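If you want the building blocks of each chain, they are given just below.
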Amino acid sequence: MFRHNTLRYTALVLLAAGALFQAFTAEYFGLEILTEILILAMLVLALDIVAGFGGMVSLCHGALMGVGAYAYAILSTKAGIAPPVAMAGSIALTGAAAWVIGAIGSRSHGIYFIMATLAFGQMAYSYVFEAPIFGGDDGLGGISRLDLSVIGVDLNDSRSFALFCLAILGAVYGASVLILRSGLGRSLTGVMHNEQRMRALGLTVWRVKADVFGLSGMIAGLAGALAAQHIMYISPGLLSWTVSGEALVVVILGGLGTLVGPLIGAAAFVVLKHELSSVTTYWHLVVGAILIAVVMSRANGIFGWIESRWGGVFDRRLADATRKQEPEEALNDA
Amino acid sequence: MLETRNLDKSFGAVHVTRNVSLKLERGERRVILGPNGAGKTTLFNQLVGELTPDSGSVHLAGEDVTALPVAKRARRGLSRSYQKNTLFDGLTVEENLGLAAAVHTGNATQLWSDSLAKPEVREIVEEVAEQVNLMPFIHAKVSEISYGVRRQLEVGVALATRPLVLLMDEPTSGVGPEMSKGFHDLLNNLPRDLTMLIIEHDMDLAFDVADTITVLNYGEVVFDGLPDAARGSSLLKEIYLGSWEDA
Ligand SMILES: Nc1ncnc2c1ncn2[C@@H]1O[C@H](COP(=O)(O)OP(=O)(O)OP(=O)(O)O)[C@@H](O)[C@H]1O
Ligand SMILES: [Mg+2]
């Protein structure tokens, strides 16, 4: 189950302050980067819920985001549905698709689950690529943003759109915490720890997995609908499995199962990408090297490393827990 | 309350359960004795549905549950603890019990509320914590409590589903004799209508709690009767003095 602690709150406040500062001071290019970070942050929160708290490592979250983006684009342009309704529709549709994937995948674990999700993602990718309604390789353009003029906000303005995404990210974070702290979220933690025991207690394990995967899919769908509005043009590349892979890299880089870590990971990843790609075309090599360093350090990503180092300064209990863990573990095996 | 009829199971050439028929009345406390590898745990696995028997049937409260999956049997009131701890390590004692109580009260799949905040869940958690003496450790994480206390929690988690029948697989294995004795006193104080099936290694300890005794040897029931009769049985002495000693 997810717990906040002083360090996590501090990190959240710093992240929010940084984002707000950027939103109010940056120029066009800086705002575009900020928005990219915010949307990626929603996607990786969705992924952290299933992978970090449910042990369901998904390689289809990029595709789910793509489903949300295409659903929004089709509903709002071709079907002529009002953008807010189209957005709700795209979230619901992505959630439903994810629920089905979660239900079918619930019986497989580890590498088999990863492969199952990858297969679903590839199916979505090739369908979008081939079906004429989606515009094939050319993608879809002319996607409009939500109209918030009733409250005096013009989302076609980069700054307003970045702030809008920041507000939504805040809501997504809050929702993620609530999901993890609900009865469902607690059961999910139990399932990740010991699925067999939860079943022996009478839990219908597949339902818990499917429900959480569906909720996570809704968040991914929301991120997709916002991504479509952000770029106003979408192409099948959005559903490519590399997007899912990148999201997974960000979650691991930031700190699996910490919620806060993936937010840091998203910021670090996007900034690194833009800074490095202006210097070298081989920026992926650098990101790869950093990922290897993080994994080899055996810390749980950037935030896991920060927590193990400075968590104790803020929280006695955290300090005790990290210190006590090891000798007691040995006893357990006795 | 719980009954098996001609339960039979082999792993390849190893015949681990041989035509086992057991019958537990409501409130009966039966201890299963038997040497290492006698098939005690394998029998439990078939009772709860984690293993499918080759033939024979399992009946719970008069109904044939042989075809029911694990979770459904559990929801009908069959709960078990494991020989090796299966606790939720990063969580507190309270949260461990809460997971089980949430399933029982239908709060385990709720999205709109925290199961552990529900009064009906809290009530079970507190009651079970009292029953198995976990109150002093209620907010401690599993990693912070001793092995013996973890064994108590292992049973506590099973108890928190408010079962009709509680199966315990060597609840005091690896625990010192004093603590084992204390634990059996706890079991004796549980509600009288709870049916219990307890796997126990130590014959003397078995007599603390047993109404009836079943002895398994090579997967076969070699004794089924009252503790006094078991005490006098020469067959038992033979098994006891044989392979049993080293356990
Ligand atoms: N999944 C399995 N596959 C093959 N053989 C198994 C399996 N599970 C148990 N066995 C074998 O079945 C026999 C009975 O094992 P079981 O664990 O039921 O014994 P037990 O009475 O619980 O012993 P102990 O007192 O050591 O716990 C053993 O010979 C064991 O090796
Ligand atoms: Mg055993």
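Residues numbered from 1 in each chain as written. Chains lettered and ligands numbered in written order. Predicted model: local features only at pLDDT ≥ 70, side-chain atom pairs only at ≥ 80, totals over all residues. Heavy atoms only, no water.

Draft legend 1. Region of the structure containing the overall build of chain B. Check the secondary structure of chain B and you find nine helices and ten strands. Computed over the C-alpha atoms, the radius of gyration of chain B is 18 Å, within 12% of the 18 Å expected from 2.2 N^0.38 for a compact globule of 247 residues. If you line up chain B on its principal axes, its C-alpha atoms span 55 × 40 × 35 Å. For chain B, restricting intrachain contacts to residue pairs at least 6 apart in sequence, the fraction spanning at least 24 positions comes to 66%. Total accessible area computed for chain B in this model is approximately 9900 Å², and 51% of it derives from carbon and sulfur atoms. Computing the positive centroid from 24 side-chain charges and the negative centroid from 35, chain B places the two 5 Å apart. (Helix = DSSP H or I, 4+ residues; strand = E, 2+ residues; numbered from the N terminus. Rg over C-alpha atoms; globule rule 2.2 N^0.38 Å. Contact = heavy atoms within 4.5 Å. Areas by Shrake-Rupley, 256 points an atom, 1.4 Å probe, with all protein chains shown as cover. Lys, Arg positive; Asp, Glu negative; His and termini not counted. Charge placed at Lys NZ, Arg CZ, Asp CG, Glu CD.)

Draft legend 2. Quick look at the side chain of Asn-217 of chain B. Within the element layout of this structure, Asn-217 of chain B appears in strand β9 (residues 212-217). Excluding anything up to four places from it in sequence, Asn-217 of chain B contacts Pro-35, Ala-38, Val-222 and Ile-239 of chain B.

Draft legend 3. Layout of the confidence of the model for chain B. All names here are of chain B. Per-residue pLDDT for chain B has a mean of 90; in total, 97% of the residues score no lower than 70. Of the regions scoring below 50 in pLDDT, residues 243-247 engages in ten contacts with residues more than four places distant in sequence or in other chains. Across the predicted assembly, pTM comes out at 0.90 and ipTM at 0.90. (pLDDT = per-residue confidence, 0-100.)

Draft legend 4. How the structure looks around the packing of aromatic side chains. All names here are of chain A. Considering all chains together, one arrives at eight aromatic pairs over all chains under this definition. When the centroid spacing of 6.0 Å and the interplanar angle of 70° are considered together, the rings of Phe-2 and Phe-53 count as edge-to-face. Linking Phe-2 in the segment before α1 (6-25) with Phe-53 in helix α2 (residues 28-54), this pair joins segments that are 51 residues apart in sequence. By the burial criterion, Phe-2 is buried, and Phe-53 matches it. (Phe/Tyr/Trp six-rings, centres within 6.5 Å; stacked < 30°, edge-to-face > 60°. Buried < 20%, exposed > 50% of the residue type's maximum accessible area, 1.4 Å probe, protein only.)

Draft legend 5. Seen up close, the pairing of strand β7 (residues 165-169) of chain B. All names here are of chain B. Buried residues dominate β7, accounting for five of its five residues. Of the two faces of β7, the one lined by Val-165, Leu-167 and Asp-169 and the one lined by Leu-166 and Met-168 are each fully buried. Two elements, β7 and strand β8 (residues 195-199), share five bridges in a ladder whose sense is parallel. Bridge pairing in β8 links Leu-167 to Leu-197. Handedness of the crossover is the feature at issue here: the chain leaves β7, passes through helix α6 (residues 177-188), returns alongside β8, and the resulting connection is right-handed. (Pairing = 2+ DSSP bridges. Right-handed = clockwise from strand over helix to strand, strands pointing away.)

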